[in-house]
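Residue-level structure breakdown
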Amino acid sequence: MLSRLDLRQRLALAIGALGLFSTLGLSELATQATRRQVEADQQLLLQTVAQEMAARLGQDLDLRTEQMRWLSRQPVVTDAGAPPASKQAALETLQASAPLYAWIGITDADGRIVAATGGLLAGRDVAGRDWFQQGRRGLFVGDAHEAYLLAKLLPPGGPEAAPLRLVDIAVPIVDGQGRTIGVAATHLNLEWAHQVRRQMLARASAADIDLTLLDHAGRRLSGPDPWGRPEGNLPALQALRAAAMPPPRGAGERFWAWADGRSYLTVVASPPEDDGPQLAWTVLARRDQATVLAPAHRLGRGILLVGLGMTAIFAVMLWLILRHELAPLARVGQWLQRVRRGEAAGPAPVVGGQDEVASFARSLGALVGELQARHEALRLTNRVVEKAGQGIAICDPNGRLLRANPAFCQLAAQPGDSLPGRHLGEVLGIVERDALDAGLREVVAFDRAWQGERVARRLDGSRYDVCLNAYALRDEAGDTTHLIVMAEDVTERRRAAAELDRHRYHLEELLVERTAELRQANAELGDARQAAERANRAKSEFLANMSHEIRTPLNAILGKTHLLQRAAQDERLRGSLDAIRSAGQHLLAIVNDVLDLSKIEAGKMRLEAVDFDVGQVVAQVLDLVAERADAKGLALHAQVRLAAPWRRGDALRLGQVLLNFASNAVKFTPAGEVRVSVDEVQPPDGPPLLRFEVRDTGIGLAPEQQARLFQPFEQAATATAREHGGTGLGLAISRRLTLLMGGRIGVDSRPGEGSCFWVELPLPPAEGRPPGAPGEAAPTGDERDSAEQRLRRRGPARVLLAEDNPINQEVAIGLLADVGIDVDIAENGRIAVERVRTGHYDLVLMDMQMPVMDGVEAAGLIRSLPQGRRLPILALTANAYDEFGDTCRAAGMDDHLGKPVEPEALYRALLRWLPPAASAPAADAAVPPLAA
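Residues numbered from 1 in each chain as written. Predicted model: local features only at pLDDT ≥ 70, side-chain atom pairs only at ≥ 80, totals over all residues. Heavy atoms only, no water.

A closer look at the sheet that holds strand S28 (residues 895-898)
Test applied: Pairing between two strands is assigned when DSSP locates at least 2 bridges connecting them. Counting from the N terminus, the helices are DSSP H or I runs at least four residues long and the strands are E runs at least two residues long. Note on geometry: axes are C-alpha line fits, over the in-contact stretch for helices, and angles between N-to-C directions span 0 to 180 degrees. Every residue pair with non-hydrogen atoms within 4.5 Å of one another is taken to be in contact.
Strands sit in the order S25-S24-S26-S27-S28 across an open sheet of 5 strands; the sheet is parallel. Across the chains shown, the open sheet's two edge strands, defined by having one partner strand only, are strand S25 (821-826) and S28. On average, adjacent strands in this sheet sit at an angle of 25° to one another, irrespective of strand direction. Relative to S25, strand S24 (residues 797-802) is paired through 6 bridges, and the arrangement is parallel. Looking at the pairing, Leu801 lines up with Ile825 of S25. Along the sheet face, helix H22 (residues 806-817) touches S24, S25 and strand S26 (843-847) and points at about 165° away from the line of S25.

Digging into unusual backbone geometry
Pro900 follows Lys899 through a cis peptide bond whose omega is 0°. Looking at the element boundaries, Pro900 is found in the loop between S28 and helix H26 (903-913). Positioned with a positive phi, Val852 is a non-glycine residue whose angle comes to about 70°. Residue position: Val852 is located in the loop between S26 and helix H24 (855-863).

A closer look at the packing of aromatic side chains
As a reminder, the rule being used: Between the rings of Phe, Tyr and Trp (Trp by its six-membered ring), a pair exists once the centres lie within 6.5 Å; its type follows the angle of the planes, with under 30 degrees stacked, over 60 edge-to-face, and the other angles tilted. Between buried and exposed lies partly exposed: a residue is buried under 20% and exposed over 50% of the maximum accessible area for its type, with that area taken using a 1.4 Å probe on protein chains only.
According to the stated counting rule, one finds 3 aromatic pairs in the structure shown. Consider the rings of Trp192 and Trp281, whose centres lie 6.0 Å apart with planes at 40°: the pair is tilted. Separated by 89 residues along the polypeptide, Trp192 in helix H6 (residues 191-204) and Trp281 in the loop between strand S10 (263-269) and strand S11 (282-288) bring together distant segments of the chain. Residues Trp192 and Trp281 agree in their burial class; the two are buried. Plain terms: the ring middles of Phe661 and Phe757 are 5.5 Å apart, the flat faces sit at 40° to each other, and that makes the pair tilted. Here Phe661, found in helix H16 (residues 651-667), pairs with Phe757, found in strand S23 (residues 755-761); they are 96 residues apart in sequence, far enough to count as distant.

Focus on the pairing of S26
Consecutive side chains of a regular strand alternate in pointing toward one face of the sheet and then the other. Note the following rule: Handedness of a crossover is defined as follows: orient the strands so they point away from the viewer, and if the path from the first strand over the helix to the second runs clockwise, the crossover is right-handed.
In terms of burial, S26 is largely enclosed, as 5 of its 5 residues are buried. With 4 bridges connecting them, S24 and S26 associate as parallel partners. By the bridge assignment, Leu801 is partnered in S26 with Leu845. Where S26 meets strand S27 (residues 873-877), 4 bridges bridge the pair, whose relative direction is parallel. Across the sheet, Asp847 pairs through a bridge with Leu876, a residue of S27. Between S26 and its parallel partner S27, the chain crosses via H24, and the hand of that crossover is right-handed.

Details of the nonpolar core
Applied cut-off: Only buried residues count toward a nonpolar core. Its members are Ala, Val, Leu, Ile, Met, Phe, Trp, Tyr and Cys residues joined through side-chain atoms within 4.5 Å.
Ranked by internal contacts, the top residues of the largest apolar core, which has 48 residues, are Leu57, Trp192 and Trp281. When residues of this core are assigned to their parent elements, the largest contribution, 10 residues, is made by helix H1 (residues 7-72). Leu654, Val657, Leu729 and Val747 belong to the second-largest nonpolar core, a separate cluster that totals 39 residues.

So, the confidence of the model for the chain
Quick note on the threshold: Per-residue confidence from the predictor is reported as pLDDT, a score between 0 and 100.
In this model, the chain carries an average pLDDT of 80, and 78% of its residues clear a pLDDT of 70 or more. No element of the chain has a lower mean pLDDT than helix H18 (residues 718-724), at 47, and none a higher one than strand S21 (residues 689-696), at 96. A low-confidence stretch, residues 721-725 stays under pLDDT 50, and its non-local contacts, those more than four residues away or across chains, total 6 contacts. Considering only residues more than four positions removed or in separate chains, one finds that residues 773-779, a stretch of pLDDT under 50, has 6 contacts.

Considering helix H15 (residues 614-632)
Rule in force here: Expected helix span is given by 1.5 Å per residue-to-residue step, counting one fewer step than there are residues. Throughout this description, a polar contact denotes any pair of N or O atoms lying within 3.5 Å of each other; where both atoms belong to protein, one of them has to be capable of donating a hydrogen while the other can accept it, and for residues adjacent in sequence the pair is counted only when both atoms sit in side chains.
The first and last C-alpha atoms of H15 sit 27 Å apart over 19 residues, in line with the 27 Å expected at 1.5 Å per residue. Inspection of H15 places Val614, Val617, Val618, Val621, Leu622, Val625 and Ala629 among the buried residues, and these make up the whole buried set. Next to the buried residues of H15 lie strand S17 (610-613), strand S18 (635-641), strand S19 (646-649), H16, strand S20 (673-681) and S21. Taking the backbone nitrogen of Gly615 as reference, a side-chain oxygen 3.1 Å away marks Asp613 as the first, capping residue of H15. One or two positions beyond H15, positive phi appears at Gly633, with a value near 75°.

Here's the deal with the side chain of Ser72
With respect to the element layout, Ser72 can be found in helix H1. Discounting residues that sit within four places of it in the chain, Ser72 has contacts with Val77, Thr78, Val171, Pro172, Ile173 and Ala184.

Re the pattern of salt bridges
Using the following cut-off: Take a side-chain nitrogen of Lys or Arg and a carboxyl oxygen of Asp or Glu: if they are within 4 Å of each other, that pair is a salt bridge.
Under the definition given, this model contains 37 salt bridges. A salt bridge links Asp60 to Arg56, with the shortest nitrogen-to-oxygen separation between them at 3.4 Å. Of this pair, Asp60 and Arg56 both sit in helix H1, 4 residues apart, which is roughly one turn of that helix. Taking the shortest distance from any N to any O, the salt bridge between Glu680 and Arg647 comes out at 3.5 Å. With Glu680 in strand S20 and Arg647 in strand S19, this pair connects stretches of sequence that are 33 residues apart. Using a relative accessible area of 41% as the deciding quantity, one classes Glu680 as partly exposed. Connected through salt bridges with shared partners, the residues Glu453, Arg463, Asp465, Arg493 and Arg494 form a single ionic network.

Next comes the structure, spelled out in structure tokens:
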């Protein structure tokens, strides 16, 4: 039957049936979704009403119990001697404030009613009543029960009060001594629960909701009876409570069948659990299933009717639209039939619009245009092949030529019309035909490109080299249909490659030769580097030895001079001693300069990073040159213009640079002033810098003198050196120290106008709180005294001096004896170890270079002795290298002093390391941390 219908009718019928089924399905889905939503909403409403009623009941019951507790604490109640009339008046006042109290009474300790509202039951013995027994022990709230005796005495209640039901509440009465003297009790009228139920129904605005209050056994207390029997239905109530935990998830769990034969949407709720009185009451709320689901059924029927009407209208409209829209499609189909038969059909019919038929017509025109474009591209490809400079040939899978371009014909030196049907190897004159055939078979079998160079001969006998590249063309089934072969004459290229190989071989020989020379040079360079390192070590050792050999007699000279100055009374003698001391200090400064320059060149100069006061460093520098400046009548000025004078860096090396500047300024300024200034400058790129300037009014410098001023052993002029002295090392050392600290150094000067030596250093602000900041204690008077004075006041001590030089022994004994220290002498390390083993000393002064056993070995042996583990050991060394201090600490020494020993420095070290004057043996004294 359907075959007799045309396409438009079949489509309209099919789509109409589809719409009908879709409408039915949509109606059912909407009905189910609406039903679930309605059920959920109604269940939420019922649960809200039930929970609010349960909560309200619990709150009211809490209020009543609190009122009874309040009553039991009133003085008129707790006073056993108060008149019964006063007590009755208090009870009736409470009843007047809460009329739902059906009866309030007070008993004595024996259970006899002392007072009651309205005088009801006054004098009665209620000792056997449950509320009296429970109320004596604490708060008691009884379940609802029918009133028998009071029902005859009290007026009738509300419409739901028959029979009269009461809830008993009792609390103990306790006097001031904590004794229970009676019970305060009330019978709460259950009309209170009826009122709460009616209020909940009024708020819900739903007259068809059944709201029932049940007791612990399922018996009705208020509202309609759901069970149909007065004794209740405890199993059914328990089932309802179990179904409510957790809440239902499906529609079948929300509806319950009841005694009247109908299904209800049902929820239950109980008063909240808290610290107050608990009654096992249950609030049950339900609503008829038909009433609940009525909106969902109405919506489903409406959707079904609307869907059926829309389906009918849509089917009719679709039939009309298809009749109109498919007419152009029929015309296009007729045109395609004519094209297929090869008739002159003309261009495809053009249908206006953007519908599928118009798109189909345009797609067909595009397809025809694409076929024409492919034809044109194929023709262009043929032209490219014909014009290509490389020989290209098309062969069958057996290697027989089908077509070749002119370049291929030119390569073979044969006309193009003679090539088809002949084998590729025959046409090109390949000498090794078997290798060529094997390569072509490989292309056919494995579908991969093949490349090879072969020797060939033309028909005229000329020999040439040809490079062949072969590729396979396959059909959709994977079978090889054609071979594409590209041929190129590579005779000249191979000749050039052979020539290049000859040059490459010669280059490799040169490379091997140069590599051998480079290895030899590297070996010589390594030997030279090792020799330089050995020379550097030898230089360092030589300077260390020279330092020791110079500093040792200097220690004797300066030490003896110091002792003689303290004892000399003659002014001429004191002047001579001052000259000797000045010369010794000058010689020591020269030695220090040489050693500093050596350490910088050897990379052994160590810089510190400590917090210091810039102004204090400048003041110390001016103090050191003040005596010479006063002698020449020069004025000294200092200006430190810094917001934060406390900085972090190497204060010792900064002071060394500034002291060199200031010393030179005083030396080369005959009259006038020397001014030191400090400012903070900000370079265009980089962190802020501190700029230190030392400006004088001296003789000045010429440009050529400034150019060589910071080089070692250089001075402005020979005459200057003869007049003012100096080695020319100070500025060279200052320049290298500045570079080590990451700064810049320079001079601005003109002859006769003075000089300005400057240095710029990156000194960041101090990290910690500067010493002397607010909150720190000021130094005591004892701390302001010199170390020598404090050492004299300390008291006697015993020190072991390990020293092999007799003069240095005399100097040390003299310096120590002046401050009350007893000294024992050990001429070498072995004797020092034995003295410590057998004697008691407070401290050991250990020379580092001694015969028999040096100071390092002796210190290690002393530390191994029980009495030497905590004994302070101070090294005396003439070695000025920093790493020598590490050697001393590694050997177990606590500190080290350089020679020549300054008396004040020696006294400070003794004050630091000697144990307190009243302490026990030195071996028991606490050991401070090693000196840094």
